[in-house]
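# Close look at the chain arrangement
The chain contents come next:
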2 protein chains.
Amino acid sequence: MRLSRQTFLLTKPVYIASTMSLAGPYEAKGNFKDFFDYVMEDDEFNEKSHELAEIKMQKYVVSKLLMKNNLEYKDIDLYLGGDLINQLTVTSFSAKETNIPYFGVYAACATFAESLIVGCNMLLNMDRVLCITSSHFATAERQYRFPLELGTQPTPASQWTITGSGALILDKTSNNCPKIVAYTIGKIVDLECTDVNNMGMAMAPGAADTIEQHLISRNQSAKDYDLIITGDLGRLGRDTLDYLLKEKNIVATNIINDCGAMIFNKKQKRGQGGSGAGCCSLVFCSYLYKLLLSKDIHRILFVPTGALLSKDSPLQGDTIPGIAHAIEIEV
Amino acid sequence: MRLSRQTFLLTKPVYIASTMSLAGPYEAKGNFKDFFDYVMEDDEFNEKSHELAEIKMQKYVVSKLLMKNNLEYKDIDLYLGGDLINQLTVTSFSAKETNIPYFGVYAACATFAESLIVGCNMLLNMDRVLCITSSHFATAERQYRFPLELGTQPTPASQWTITGSGALILDKTSNNCPKIVAYTIGKIVDLECTDVNNMGMAMAPGAADTIEQHLISRNQSAKDYDLIITGDLGRLGRDTLDYLLKEKNIVATNIINDCGAMIFNKKQKRGQGGSGAGCCSLVFCSYLYKLLLSKDIHRILFVPTGALLSKDSPLQGDTIPGIAHAIEIEV
């Protein structure tokens, strides 16, 4: 049911029946080390290229997720997801061997949110939809920045692409599980940020806009949520979002946080925190889902954020547009 | 309503209310010259880079489409589309200025089909969804192959990326217009083709699989269609598809054709024909839609095909997976 131009209330429930998470070794030393289902011993994952490692990560997460639920590939009706690598080859090559009907979606680090919203709608005629994203520090560095061998120093506003993947199954029947209640589809917001090493700044305005739209349309205040979790603004971006929300008279300082800002602990030198299409799926499918399952929290607004640039667009003088989609989940 | 694992029948009608097409100058000298709504005077479109030209193409098509229907940006509920450029920057930068809620989707040259199927499902809670794709010969050559200035010779099996864009509006009320009746979501099919200059060969097996699934699920034969139109296998790929379908006992020689194979005339030296995410949207939104509107044809199976590679994946030794989604449209 449509509440406003961007916000929709689900009239038929969509349940997040099960999740699976796989974290890189450095990610597994961070704040959520006790929540990840699986941890890679090393970043290469016994593969001969970074890209093959990331493909293996998605395949691993999907196979473990199905095994946990006693399902086979044929029991999944749609493989829905994406990644940061050009032409989504990581997701396509992962989906290939499952023989599951496949849709690639892209919203940069907000891809997981887009897959959830499209999944809710596709599920009307399906039984089970699999949503997945991944990212890998080395595939992202090679594609967007410099070869790792150069040892380039990050700037103070930088975030580090997360090595990790999270996947979940949406269905209509798991009524003891967390459910998606409503969602808001984001508009692209571009305040003409041009610093490719400050993604939080580029994405925070889009996140503020989407959160405001969602709260207004749902007639809610931030206090109606246990947590409003963006991904992945990093610490600087999260603080920017807090500032932007206050300008909109939305006081959420103790309620908002960010997957990228939370994932590493203070001793881990990772700039402003984590980023990448796999960051928010990894954190949601481990920490946040388990908090919901245990009923430590009851309602969250999950707001993945994406910076819609390529490696080339800033070099051609383009600004960095941001987008965020919001998903209201409760148990 | 679900007919089989991959095939779905629409129980609530989705109409293709209006289309708009913009062709490059060389495309406009081909077989469909009388069907395009607008033609670019030159490939650069008064922009200083190929990428800016392609962005302007999408913006132009969207603005002309809305103008033709007396609509404004606010009347469109979702901007749904994609392109071949890394991270879909062409589509994101085009959508940015419209302020329309935005989803990027990716299935290479089958992106238009994915946008139509996702659009049908999103439309359940919306009034109007805009589906769009584009491609540009020079942006694709620069990204996937070599700079134009090198003057590289194409191989005999090559196709040429189309400079063009097509967009359409899906709605639930235009009941005098062509409507989407059913669709089949493709699985990735990879017969381990490795020739990056023979995309038709890589994609034909996926097209054959999807067409077979659709006909079986709908209890139809090829003769139930006036046309089965793939996009973009090129001439060699179309003949390969014909051969593969015969192996499946589907005789469709005089019914199947391909957007890429049809777009150029015999005098135009363009290898096996056209390709690119904009090829099938351009041909559908001009020639095919007008044939349906005039009732020269009554039912088509529109089967865009995509090769899910990147520039890097073949260089790393990967094969070229193909996918095709089928959309049954009648008037």
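None of these values were measured; they are calculated from a predicted model.

Moving on to the pattern of salt bridges. Residue and element names in this part refer to chain A. As enumerated under the stated definition, the model contains 28 salt bridges over all chains in all. One salt bridge in this structure joins Arg238 and Asp239, with 3.6 Å as the shortest N-O distance. By relative accessible area, which is 19% here, Arg238 ends up buried. Taken together, the salt bridges that share partners define one network made up of Arg218, Arg299, Glu328 and Glu330.

Time to look at helix α1 (residues 50-68) of chain B. All names here are of chain B. Helix length check: α1 (19 residues) gives 27 Å between terminal C-alpha atoms against 27 Å at 1.5 Å per residue, within 8%. By the burial criterion, the buried members of α1 are His50, Glu51, Ala53, Glu54, Ile55, Met57, Gln58, Val61, Val62, Lys64, Leu65 and Leu66. Phi for Asn70, located one or two positions after α1, is positive at around 50°.

Time to look at the pairing of strand β7 (residues 164-171) of chain A. All names here are of chain A. Taken across its 8 residues, β7 has 8 buried, putting it largely inside the fold. By the alternation rule, side chains of β7 split into Gly164, Gly166, Leu168 and Leu170 and Ser165, Ala167, Ile169 and Asp171, which are all buried. Bridging between strand β1 (residues 7-23) and β7 involves 8 bridges; their strand directions are antiparallel. By the bridge assignment for β7, Ser18 is matched with Ile169. Relative to β7, strand β5 (residues 128-135) is paired through 8 bridges, and the arrangement is antiparallel. Across the sheet, the residue bridging to Ser135 is Gly164, located in β7.

On the chain B side, the residues contacting the 61 residues of chain A number 61 residues. Summed over both partners, the interface of chain A with chain B buries about 4800 Å², with 56% contributed by carbon and sulfur atoms. Counting across the chain A and chain B interface gives 6 salt bridges. Note that Arg2(A) and Asp127(B) form a salt bridge whose closest N and O atoms lie 3.7 Å from each other. Here chain A is connected to chain B by 24 residue pairs in polar contact (both at pLDDT 80 or more). Of the residues contributing to the side of chain A that touches chain B, the split by class is 30 nonpolar, 17 polar and 14 charged. By the bridge criterion, 3 bridges tie strand β4 (residues 102-106) of chain A to strand β4 (residues 102-106) of chain B in an arrangement that is antiparallel. Pairing of Val105(A) across the sheet is with Val105(B), part of β4(B).

Basis of the calculations
- Residues numbered from 1 in each chain as written.
- Chains lettered and ligands numbered in written order.
- Predicted model: local features only at pLDDT ≥ 70, side-chain atom pairs only at ≥ 80, totals over all residues.
- Heavy atoms only, no water.
- Salt bridge = Lys/Arg side-chain N within 4 Å of Asp/Glu carboxyl O.
- Buried < 20%, exposed > 50% of the residue type's maximum accessible area, 1.4 Å probe, protein only.
- Helix = DSSP H or I, 4+ residues; strand = E, 2+ residues; numbered from the N terminus.
- Expected span 1.5 Å × (residues − 1).
- Pairing = 2+ DSSP bridges.
- Contact = heavy atoms within 4.5 Å.
- Buried area = accessible area lost by both parts, 1.4 Å probe.
- Polar contact = N/O pair within 3.5 Å; in protein donor to acceptor, adjacent residues only side chain to side chain.
- Nonpolar A, V, L, I, M, F, W, Y, C, P; charged D, E, K, R; others polar.

Note that every value here comes from positions in space, so none of it alone points to a role or purpose.
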